[in-house]
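Residue-level structure breakdown
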Amino acid sequence: MARTRTISDEKIITAARAEFLKHGFGASTMVIAKRAGVSETLLFKRFGTKNEMFAKAMGIEDPPLWVKALEGLESRGEARENIKKIAKMMMEFMSEILPRVIMSWAARDKPPLKWMIKKSPMQRDLKALVAYFEREMKAGRIRSGNPEIAARALIGSLHHLVFMKIMGGKRATPAEMDQQVEELVDLLWEGMEPIEEDA
């Protein structure tokens with residue numbers, strides 16, 4: 001009979017996140033294990049490699065909720081409102097993840113670049129948004145064009161909004177951030193709105 005886990009993965013992830021945020025990728029796995037109350041062997045049994053543990057702890061391993069929400073969205077509701085909904089989910093995700101990534105990369109030891117490129121979550125997420133825009137274009141719900149440019153424009157603009165919020169200046173309230181996302185999508189929509197054919 002298998003033993004039940006006394007220390008949850010979440011407790012280990014919480015300990016790992018705290019150490020990675022404090023020391024970057026150079027954080028000691030021995031210290032992470034001690035902080036979580038497990039052996040270093042168990043740490044690697046649960047998470048495989050330090051790279052995988054880092055990705056899990058920083059919240060960049062699994063596709064974010066907004067990527068999952070794209071599935072089948074092209075056949076429901078209004079395209080413009082769907083993009084606003086997704087953009088708000090993206091903003092929420094970026095607001096949580098970007099400070100973690102900035103803090104961890106500010107430390108001297110960084111995750112191996114080759115590994116980050118191979119497992120690039122940003123490329124994965126960009127591809128998902130591009131595919132969504134392609135489906136909307138094929139359905140005639142978004143003007144035909146280059147879906148990758150549209151995806152990069154949206155992601156890049158949202159990254160900028162979140163980065164400016166993190167780095168200081170006037171702190172925007174959640175309502176103000178919501179309004180900025182609405183206005184951003186309205187602006188982008190001017191170039192994405194389908195052109196009605198003359199009868």
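Attention in this report is confined to the structure presented alongside it. (Residues numbered from 1 in each chain as written. Predicted model: local features only at pLDDT ≥ 70, side-chain atom pairs only at ≥ 80, totals over all residues. Heavy atoms only, no water.)

**Describing the environment of Ala150**
Here Ala150 lies in helix H9 (residues 147–167). Residue Ala150 is classed as buried on the basis of its relative accessible area of 16%. In this structure, the C-alpha to C-alpha distance between Ala150 and Phe133, residues 17 residues apart in sequence, is 7.7 Å. For Ala150, the contacting residues outside a window of four places in its chain are Phe133 and Met192. (Helix = DSSP H or I, 4+ residues; strand = E, 2+ residues; numbered from the N terminus. Buried < 20%, exposed > 50% of the residue type's maximum accessible area, 1.4 Å probe, protein only. Contact = heavy atoms within 4.5 Å.)

**A closer look at the side chain of Asp125**
Mapped onto the elements of the fold, Asp125 is located in helix H8 (residues 121–138). Discounting chain neighbours no more than four positions away, the residues touching Asp125 are Pro64, Trp66 and Val67.

**What about the nonpolar core?**
By size, the foremost hydrophobic cluster in this structure holds 35 residues, and its most contacted members are Ile83, Met90, Leu129, Phe133, Ile142, Leu154 and Leu158. When contributions to this core are tallied by element, the ones reaching two or more residues are helix H5 (65–69), helix H6 (79–106), H8, H9 and helix H10 (174–192). Of the residues forming this core, the biggest block, eight residues, is contributed by H6. Residues contacting Phe133, with those up to four places away along its chain left out, are Ile83, Ile142, Pro147, Ala150, Ala151, Leu154 and Met192. In this structure, Ile7, Ile13, Ala15 and Ile60 belong to the second largest nonpolar core, which totals 21 residues. (Core = buried A, V, L, I, M, F, W, Y, C linked by side-chain atoms within 4.5 Å.)

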